[in-house]
Amino acid sequence: MRLENKIALVTGGGSGIGEASSELFAAEGAAVGVCDLNPATAEAVAERIRAAGGRAIGLQADVTDRADVERVVAAVVREFGGLHILVNSAGVSDRGAPVDYNEDQRWQWVMDINVKGTLLPSRVAVEAMRRSGGGSIINLSSIYGLVGRPEWLGDGFSAYAHSKGAVLQITRDLAVKSAHEGIRVNALCPGFVHTNLTAGLQDNPETLRQLEEAHPMGRLGQPREIANCALFLASDESSFVTGAALSVDGGYTAQ
Ligand SMILES: NC(=O)c1ccc[n+]([C@@H]2O[C@H](COP(=O)([O-])OP(=O)(O)OC[C@H]3O[C@@H](n4cnc5c(N)ncnc54)[C@H](O)[C@@H]3O)[C@@H](O)[C@H]2O)c1
């Protein structure tokens, strides 16, 4: 068991990469707070973990709301006795914004959830990790935190890539400040992954083909393939790794 006696909180844990990470961490021995904006999906994932013999609780929170975030961190600490691992997987793309938003509102909506929604849980979790003797924070950036989007995917003005660049810089800055406290902070930069976030793109067979061809491996990733890398960063196997951005992208950014 690679996460024996570890306690984790996963935001966006009700779906996709957060869901796969919650299940994998629990299977590796961690107690997991599965947190999502959607309480039903968070609870369903936690219930599945418990049914498989693991330890988990489902928690509802909006990651942009400080009171919500403080409440769920406190709930994990109360239930399991501390906090060692935070996965910031809650995130949105421009396509998911409310339809009546204008472009300024859409930009702000994505930045709030992807950037503030990474910073705020990290800020609150660091306090709990200090009291627990150290920890590991894993932020979900993206290939589009590293490179620009091709023209057919964005006009350069929408927020997704901007937000993921900010997540990388939060990762580095916090890693430097937290290293002496035994708190490591790293980012994953996935290519396109089969999740609800990309469902709207995958529904169009031509777009799906274009996306597959954009990755040298000729396919999209599976949530479990990202979770496997989150597990490495969460575990003591990565004990000398902090401030890193790990590409998990089928070769996308190697081109
Ligand atoms: N799927 C991909 O291709 C891909 C690629 C690169 C990076 N990422 C990043 O990985 C992370 C997870 O993406 P995914 O593909 O698993 O998406 P997903 O849509 O499957 O899951 C995201 C989860 O976040 C939750 N969420 C949204 N807003 C929230 C809020 N304000 N508070 C709390 N929870 C909230 C949603 O309810 C959902 O359950 C995101 O940050 C995303 O940007 C995804």
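As the structure is a computational prediction, the values presented were derived from the model and not from experiment.

A. The arrangement of the overall build of the chain in detail. Secondary structure summary: the chain contains eight helices and seven strands in total. Principal axes of the C-alpha set define a box for the chain whose edges measure 50 × 40 × 35 Å. Classification of the 255 residues of the chain by burial places 48% in the buried group. A fraction of 72% describes how many contacts in the chain between residues 6 or more apart in sequence connect residues 24 or more apart.

B. Expanded view of the pairing of strand β4 (residues 85–88). Where burial is concerned, the two faces of β4 agree: the one with Ile85 and Val87 and the one with Leu86 and Asn88 are both buried. Here strand β1 (residues 7–11) runs beside β4; their pairing, made up of four bridges, is parallel. In the strand pairing of β4, Leu9 is matched with Leu86. Bridging between β4 and strand β5 (residues 135–140) involves four bridges; their strand directions are parallel. Following the sheet pairing, Asn88 is matched in β5 by Asn139.

C. Just the sheet that holds β1, in detail. With parallel pairing, the seven strands of this open sheet are ordered in space as β3-β2-β1-β4-β5-β6-β7. Of all strands in the sheet, those with a lone pairing partner are β3 (55–60) and β7 (245–248), marking the two edges. Neighbour to neighbour, the strand axes of the sheet diverge by 20° on average, direction disregarded. Examined bridge by bridge, β1 and strand β2 (residues 31–36) share five bridges and lie parallel to one another. Residue pairing across strands places Ile7 opposite Ala31, the latter belonging to β2. Sheet strands touched by helix α2 (residues 39–51): β2 and β3. Its angle to β3, the strand with the most contacts, is close to 175°. This element, helix α4 (residues 103–131), spans β1, β4, β5 and β6 (183–190) of the sheet and lies at about 180° to β4.

What counts as what
- Residues numbered from 1 in each chain as written.
- Predicted model: local features only at pLDDT ≥ 70, side-chain atom pairs only at ≥ 80, totals over all residues.
- Helix = DSSP H or I, 4+ residues; strand = E, 2+ residues; numbered from the N terminus.
- Buried ≥ 20, exposed ≤ 12 C-beta atoms within 10 Å, placed from the backbone.
- Contact = placed C-beta atoms within 7 Å.
- Pairing = 2+ DSSP bridges.
- Axes fitted to C-alpha atoms, helices over the stretch in contact; angles between N-to-C directions.

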